[in-house]
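What follows is each chain in one-letter form.
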Amino acid sequence: MDTRRYILMPSWSFRGWKLLPYAVQSLFFPKTEFFTEEEWKLFSSCDGKTDIDWDALSDREKSKYEHWEKGGFIRRAADGDRLRPEQEYRFYPARFKQSVQWSITGRCNARCKHCFMSAPHATQGEPDWDQLMTMLEGFHRCGIKCVNLTGGEPMVHPDFWPLVDAVRAHDIMIPTLYSNGLLITDRFLDELEQRHMRPAFQFSFDGAGWHDWMRGIPGAEKAVLDAIRRCSARGFRTSATMVIFRDNRNTIRETANLLASAGCGSLKTGIATAAGEWKQYPEHYLSQAELYETYLEYIPQYFEDGAPLSLSLDGFFLYDIPSGRQFSPIETDVQEKNFTRALMCGHARRELYVSPRGNVLPCMSMAGSPIEKQFPNMLETPLEEILNEGSYYMDSINYRVSDFMEHNPECRTCQYRMKCCGGCRANAVFAEPDDYLAKDPVACEYFLGGWMEKKNELLERLGISE
């Protein structure tokens, strides 16, 4: 009789969550794989000690084991092989979340004119050590594998390094640090390397020649470019975000080329919105239509310059250098018959945002907005309760396209309804703070304003296709 034993590879662990009880999760990378109940009956026997009667298996069942072995999830077990404690099955009493974008402070060492959470005035405050630990313990209890640290400026928190160590002690990874670059010195990178950490950095850069003005700090542009060069030279991946406003709209080309020359891998742009500090500067506002016109002018220049770095133009256009493909993030492709299943925001299902106050939100763009107060606070309510059915947070991210169409009956007859699917909730609540299912004015401008067709005509002339 052919009897076999399999064991989970050392880099994987058995895990489960509410509604998704059958999974394996990488111990070292932000990756989780889910299984059906039928598959789990087979896979869970890969503990190094369970005898598998190979002859009794169907060809389909045998192919499953062979597929998992080839995929690097399992291997044939030797006598005495056993799972390590951290690989044993753990069930988390909450809905699955892969990662958290965590604002560990509402303070900042810059005075950005466009800050939507008013970090120059620290209106979001700064959690103390006990509050940070309450939030961290909540992430751990819910099986969250990754936290990306942001702010404000996360490095200004007096407990930044003790917090980094505490996160890692809870077997949670820190894939990305968000920063303005002012504190990213060689000593800072030394501290990361001493901990065997190599997170990616996302820096803010608001246009060649305009960055100092927007950030309110003389020398901020030089400092962030130096930080990008320093990270690049030492092998840390970098990306940048650029806020577009009336004055810097014509600097995208120069900015992209400057960032690429410094070693930056990608650039993401977005419009400055009339929130927080930016309410004081209406003369610098840019309309959505003007932004799209700016993007149409820049796209040919981007390819003329040889696509110097990966580019994301605020959902309008995305070009990924590694794959050589362009995408349209604002466009979806959901058939009307699937509206009852299609979620309003898939991103919010995988990730969550936690503000310095401890509010749990679908995304960071809602921080500082009136709707933030409606969401639960994990310093007051355990995160596992928030990540279960019946909480305002879960009700919000569970909305489906069919709910949106019912709430906005005029959208049911729109010719773009299957590409729009209601648009972005952050844009919607910025325009209508008391209505989570309001229409997204950005999506309406993109589709009804004819910008999709204009962009597609331009890309066709350039010979660029998805």
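Residues numbered from 1 in each chain as written. Predicted model: local features only at pLDDT ≥ 70, side-chain atom pairs only at ≥ 80, totals over all residues. Heavy atoms only, no water.

Quick notes on the overall build of the protein
Part 1: When helices and strands are tallied, the protein shows 17 helices and 19 strands.
Part 2: Relative to the compact-globule value of 23 Å for 466 residues, the protein shows a C-alpha radius of gyration of 24 Å, a close match.
Part 3: Considering only C-alpha atoms, the protein reaches an extent of 80 × 55 × 45 Å along its principal axes.
Part 4: Burial analysis of the protein (466 residues in total) assigns 52% to the buried set.
Part 5: Nonlocal contacts in the protein, meaning residues at least 24 apart in sequence, comprise 70% of its contacts between residues at least 6 apart.
Part 6: Summed over its atoms, the accessible surface of the protein is roughly 20800 Å², and 49% of this surface lies on carbon and sulfur atoms.
Part 7: Distance between charge centres in the protein, computed from 54 positive and 66 negative side chains, equals 2 Å. (Helix = DSSP H or I, 4+ residues; strand = E, 2+ residues; numbered from the N terminus. Rg over C-alpha atoms; globule rule 2.2 N^0.38 Å. Buried < 20%, exposed > 50% of the residue type's maximum accessible area, 1.4 Å probe, protein only. Contact = heavy atoms within 4.5 Å. Areas by Shrake-Rupley, 256 points an atom, 1.4 Å probe, with all protein chains shown as cover. Lys, Arg positive; Asp, Glu negative; His and termini not counted. Charge placed at Lys NZ, Arg CZ, Asp CG, Glu CD.)

Re the sheet that holds strand β3 (residues 12-17)
Part 1: Pairing within the open sheet is mixed, and its 4 strands lie in the order β5-β4-β3-β8. Looking along the sheet, the strands with just one partner apiece sit at the ends: β5 (32-34) and β8 (90-92). If you compare each strand with its neighbour and ignore which way they point, the axes differ by 30° on average. (Pairing = 2+ DSSP bridges. Axes fitted to C-alpha atoms, helices over the stretch in contact; angles between N-to-C directions.)

Considering a nonpolar patch on the surface
Part 1: A surface patch of nonpolar side chains, amounting to about 280 Å² of accessible area, comprises Leu19, Leu20 and Phe34.
Part 2: Along the chain, the position of Phe34 falls in strand β5. (Patch = residues over 30% accessible without salt bridge, like charges linked within 9 Å, V, L, I, M, F, W, Y side chains within 5 Å. Salt bridge = Lys/Arg side-chain N within 4 Å of Asp/Glu carboxyl O.)

Overview of the nonpolar core
Part 1: Membership of the largest hydrophobic core comes to 102 residues, with the highest contact counts inside it found for Trp102, Phe139, Phe201 and Phe316.
Part 2: Leave out the neighbours within four places in its chain, and Phe139 touches Val100, Trp102, Ile144, Val147, Ile172, Val354, Met378 and Leu383. (Core = buried A, V, L, I, M, F, W, Y, C linked by side-chain atoms within 4.5 Å.)

Considering the environment of Leu313
Part 1: Residue position: Leu313 is located in strand β15 (residues 310-313).
Part 2: According to the relative accessible area criterion, Leu313 is buried, its value standing at 0%.
Part 3: Taking the C-alpha atoms as reference, Leu313 lies 9.4 Å from Ser328; in sequence the two are 15 residues apart.
Part 4: Not counting residues within four places of it along the chain, the set of residues in contact with Leu313 comprises Thr269, Tyr295, Tyr298 and Ile299.

Thoughts on unusual backbone geometry
Part 1: For the bond running from Gly151 to Gly152, omega is 20°, close enough to zero to count as cis.
Part 2: Along the chain, the position of Gly152 falls in the loop between β10 (146-150) and α4 (160-169).
Part 3: The phi torsion at Asp314 lies on the positive side, around 50°, for a residue other than glycine.
Part 4: Here Asp314 is to be found in the loop between β15 and β16 (317-320).

Some points on the environment of Tyr292
Part 1: Looking at where Tyr292 falls in the secondary structure, it is placed in helix α9 (residues 288-304).
Part 2: C-alpha of Tyr292 to C-alpha of Met197: the two residues are 95 residues apart in sequence and 39 Å apart in space.
Part 3: With residues up to four places along the chain from it excluded, the contact list for Tyr292 reads Phe316, Ile330, Val442, Glu445, Tyr446 and Trp451.

A word on the packing of aromatic side chains
Part 1: All chains considered together, the criterion is met by 47 aromatic pairs.
Part 2: Ring centres of Phe35 and Trp68 lie 5.8 Å apart, and the angle between their planes is 80°; this geometry places the pair in the edge-to-face category. Taken as a pair, Phe35 in the loop between β5 and α1 (37-43) and Trp68 in helix α2 (residues 59-70) lie far apart in primary sequence, 33 residues in all. Take Phe35 and Trp68: they sit in the same class, and that class is buried.
Part 3: Centre to centre, the rings of Phe375 and Tyr392 are 4.8 Å apart; their planes meet at 75°, and the pair counts as edge-to-face. Of this pair, Phe375 sits in the loop between β19 (360-361) and α11 (383-386) while Tyr392 sits in helix α12 (residues 392-397); the two residues are 17 residues apart in sequence, bridging distant segments of the chain.
Part 4: We classify Phe375 as buried; its relative accessible area is 3%.
Part 5: For Tyr392, a relative accessible area of 29% corresponds to the partly exposed category.
Part 6: One aromatic cluster in this structure is built from Tyr6, Phe14, Tyr22, Phe35, Trp40, Phe43, Trp54, Tyr65, Trp68 and Tyr89.
Part 7: Lys455 extends its terminal NZ or CZ atom over the ring of Phe316, reaching a point 5.4 Å from the ring centre. (Phe/Tyr/Trp six-rings, centres within 6.5 Å; stacked < 30°, edge-to-face > 60°. Lys NZ or Arg CZ within 6 Å of the ring centre and 35° of its normal.)

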